[in-house]
Amino acid sequence: MERFAIKELEKWKNKNNRKPMVLMGARQVGKTWLMKTFGEKNYKKVAYISFYNNQAMKDIFETDYDVKRIIPYLNIEVGFSITPNDTLIIFDEIQNAPKAFESLKYFCEDAPEYHIIVAGSLLGVALHQGVSYPVGKVDILNLHPLSFREFLYAMDEQPLADALITKDYNLINAFSEKYIYHLKNYYYVGGMPEVVDYFRQNKDYNEVRNLQKTILTQYKGDFGKHVESNEIPKINLVWDSIPMQLAKENKKFFFGKIKEGARSNDFENAIQWLTDSGLVHKVNRVNEPKIPLSAYKNFSIYKLFVLDIGLLCAMSDLDAQTILKGNEMFVEFKGALAEQYVLQQIICDTNYTPYYFGTDKSTFEQDFIIQKENDVVPIEVKSSTNVRSQSLKAFYEKYNPKTSVRFSLLPYQEQSWMQNIPLYAICNL
């Protein structure tokens, strides 16, 4: 499969001021595959070292951070000589070796000639549990499930995927039915690499669901392995409630919907753990659409989304026929899926930080809002061609943003006050 992140790693390889690379991402989004594939394509040698159940390698970093001392030990572990510039050093499951993670500072300062990339499934959690972060001494790349364009590549539809970034909407509109067909499949399959690869080869929706359920079970297994016992029930309650929270017209996360009488303080640690692990995306509300948006973020009011739309479908037990062919009972939750999809594409296909807009008294809440340079851009999400809604128009009339965006299944359309972008073309945001 094609992962666009490889191009980012190639840019990193050729940087003059290259630092050790930290690859962040949830479990099973393809970090190990990406590192190895990148190494095989761009280096003569790949020195892969996993710290999972590898006490001998962990002990090497306990003495000191002298890179000249450490390299000979790594040579023995991989079975060949690691040489600068033509060898990629990979440290996998780095969260199991805090001292190895801290050594990146010294690779950066004392041995920048070595190319080193590290990853760990729960690295974000580890960083909040006392692992010292080498501030300013590493480069960072976030890896997410496959985007819709990457999904098209996996389905052997590279020309279709590449047409999107031309922004030639006469060309794009001519193939709208094909895009919508693949979009519906993406809603069901999602972007988890193992699931996409199986679907690419077999087109078996039932087995896709089995694979998704297995991943969800493994995630819950992580709760038990890496969380204090008193936090496990809270994490499960938050995680299991997300489909129900998104199904509401007001998608703000309500703690009272988890458990009667529940308060935010009861679940702060659980939500933080899910966010740190990469399993959940938190989208905070901004109460005023002003620059910079981050200064107007409400820390206590937010929506929660999961990392992948296919996993959301599996958590909700949505069958393939409902998504592919529709169902009159499916109308409301279709909007939740569309928001999950848009959020996922904004995160993996753009550099924008998504928020949403609203106030306690507002009658025109915006599904998302982003800051584009010095402008605030409101975004409305519609799951189909039915776009009757006054909220985006009302926002425009009150705040007069330079750009307003609506995502829907309608073809591209530009009006004096608003752009309608097809859902399958979010990469053009």
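Refer to the structure printed above.
Here goes a summary of the coordinates provided. (Residues numbered from 1 in each chain as written. Predicted model: local features only at pLDDT ≥ 70, side-chain atom pairs only at ≥ 80, totals over all residues. Heavy atoms only, no water.)

**Comments concerning the overall build of the protein**
Stage number 1. Check the secondary structure of the protein and you find 19 helices and 13 strands.
Stage number 2. A globule of 429 residues ought to have a C-alpha radius of gyration of about 22 Å, and the protein, at 23 Å, matches this closely.
Stage number 3. Along the first, second and third principal axes, the C-alpha atoms of the protein reach 65 × 55 × 45 Å.
Stage number 4. Each of the 429 residues in the protein was classed as buried or not, and the buried ones make up 54%.
Stage number 5. Contacts in the protein between residues far apart in sequence, at least 24 positions, make up 69% of those at least 6 positions apart.
Stage number 6. Per element, the accessible surface of the protein, about 19,600 Å² overall, is 46% carbon and sulfur.
Stage number 7. Treating the 51 positive side-chain charges of the protein as one cloud and the 52 negative ones as another, the clouds have centres 3 Å apart. (Helix = DSSP H or I, 4+ residues; strand = E, 2+ residues; numbered from the N terminus. Rg over C-alpha atoms; globule rule 2.2 N^0.38 Å. Buried < 20%, exposed > 50% of the residue type's maximum accessible area, 1.4 Å probe, protein only. Contact = heavy atoms within 4.5 Å. Areas by Shrake-Rupley, 256 points an atom, 1.4 Å probe, with all protein chains shown as cover. Lys, Arg positive; Asp, Glu negative; His and termini not counted. Charge placed at Lys NZ, Arg CZ, Asp CG, Glu CD.)

**Concerning the sheet that holds strand β4 (residues 115–119)**
Stage number 1. As summarised here, the arrangement of the 5 strands in space is β2-β3-β4-β1-β5, forming an open sheet in which the pairing is parallel. One side of each edge strand has no neighbouring strand; the edge strands of this open sheet are β2 (45–50) and β5 (139–142). Each strand axis lies, on average, 20° off the axis of its neighbour in the sheet, ignoring direction. (Pairing = 2+ DSSP bridges. Axes fitted to C-alpha atoms, helices over the stretch in contact; angles between N-to-C directions.)

**Quick look at the side chain of Arg 406**
Stage number 1. Note on placement: Arg 406 falls in strand β11 (residues 405–408).
Stage number 2. Buried within the structure, Arg 406 lacks any salt-bridge partner; its nearest side chain of opposite charge belongs to Glu 380, at an N-O separation of 5.0 Å.
Stage number 3. Among the polar contacts listed, one links the side chain of Arg 406 to the side chain of Asn 420, at a separation of 2.8 Å.
Stage number 4. With near-sequence residues (within four places) excluded, Arg 406 lies in contact with Glu 380, Lys 382, Val 387, Leu 392, Gln 413, Met 418, Gln 419, Asn 420 and Ile 421. (Salt bridge = Lys/Arg side-chain N within 4 Å of Asp/Glu carboxyl O. Polar contact = N/O pair within 3.5 Å; in protein donor to acceptor, adjacent residues only side chain to side chain.)

**Quick word on the packing of helix α11 (residues 176–189) against helix α13 (residues 205–226)**
The axes of two packed helices give the description: the angle between them and the distance between them.
Stage number 1. Contact geometry of α11 with α13 gives a least axis separation of 10 Å together with a crossing angle of 40°. Classed by the angle they form, the pair α11 and α13 counts as oblique. Taken together, the residues of α13 that come into contact with α11 (itself represented by Asn 185, Tyr 188 and Val 189) are Tyr 205, Val 208, Arg 209 and Gln 212.
Stage number 2. Of the residues in the contact of α11 with α13, the class split is 4 nonpolar, 2 polar and 1 charged. (Parallel < 35°, antiparallel > 145°, perpendicular 65-115°, else oblique. Nonpolar A, V, L, I, M, F, W, Y, C, P; charged D, E, K, R; others polar.)

**Structural notes on the pairing of strand β3 (residues 87–92)**
Stage number 1. With 6 of 6 residues buried, β3 is to be regarded as a mostly interior element.
Stage number 2. Residues of β3 alternate between two faces, with Thr 87, Ile 89 and Phe 91 on one and Leu 88, Ile 90 and Asp 92 on the opposite face, all of them buried.
Stage number 3. Two strands pair when backbone bridges link them, and β2 and β3 are joined in this way by 6 bridges, in the parallel orientation. Opposite Val 46, over in β3, you have Leu 88 as the bridge partner.
Stage number 4. Relative to β4, β3 runs parallel, the two being bridged by 4 bridges. Across the sheet, the residue bridging to Ile 90 is Ile 117, located in β4.

**A look at helix α12 (residues 193–202)**
Stage number 1. Looking at α12, one finds that the buried residues are Pro 193, Val 195, Val 196 and Phe 199. Angular distribution of buried residues about the axis of α12 spans 160°; they occupy a single face of the element.
Stage number 2. Tucked into the core, α12 has its buried residues touching α8 (148–154), α11 and α13.
Stage number 3. Within two residues after α12, Lys 203 carries a phi angle of roughly 55°, on the positive side. (Arc of directions from axis to C-beta.)

**Section: unusual backbone geometry**
Stage number 1. Here the amide bond leading from Ile 291 into Pro 292 is cis, since omega sits at -10°, within 30 degrees of zero.
Stage number 2. Following the sequence through the fold, Pro 292 ends up in the loop between β6 (280–286) and β7 (297–306).
Stage number 3. Residues other than glycine seldom take positive phi values, yet Asp 156 does so here, at roughly 60°.
Stage number 4. Counting through the fold element by element, Asp 156 comes out in the loop between α8 and α9 (158–164).

**A closer look at the environment of Ser 383**
Stage number 1. Inspection of the secondary structure puts Ser 383 in the loop between β10 (375–381) and α19 (391–399).
Stage number 2. When the C-alpha atoms of Ser 383 and Tyr 341 are compared, they prove to be 9.9 Å apart, with 42 residues separating the residues in sequence.
Stage number 3. When neighbours within four sequence positions are excluded, Ser 383 is seen to be in contact with Lys 334, Gly 335, Ala 338, Leu 409 and Leu 423.

**A few points about helix α15 (residues 264–276)**
Stage number 1. The end-to-end C-alpha separation of α15 is 17 Å, in line with the 18 Å expected for 13 residues at 1.5 Å each.
Stage number 2. At Ala 270, α15 shows its maximal kink, close to 25°.
Stage number 3. Buried within α15 we find Phe 267, Ala 270, Ile 271, Trp 273, Leu 274 and Asp 276.
Stage number 4. Residues of α15 that are buried in the fold lie against α7 (123–127), α13, α14 (232–247), β6 and β7.
Stage number 5. Gly 278 sits one or two positions beyond α15 and adopts a positive phi of about 85°. (Expected span 1.5 Å × (residues − 1). Bend = angle between axes of the 7 residues up to and from the residue.)

**Considering the sheet that holds β6**
Stage number 1. In space, the 8 strands of this open sheet follow the order β7-β6-β8-β9-β10-β11-β13-β12, with mixed pairing throughout. In the strand order of this sheet, the two ends are held by β7 and β12 (413–414), each with one partner.
Stage number 2. The pairing of strand β9 (residues 366–372) with β10 spans 5 bridges and is antiparallel. Each bridged residue has a counterpart across the sheet, and for Phe 368 the counterpart in β10 is Ile 379.

**Structural notes on the pairing of strand β13 (residues 419–422)**
Stage number 1. Alignment of β11 against β13, held across 4 bridges, turns out to be parallel. Across the sheet, the residue bridging to Ser 408 is Pro 422, located in β13.
Stage number 2. Bridge analysis of β12 against β13 gives 2 bridges, and the strand direction is antiparallel. Among the inter-strand pairings, Gln 413 is bridged to a residue of β13, identified as Asn 420.
Stage number 3. Linking β12 back to β13 in an antiparallel pair, the connection comprises 4 residues.

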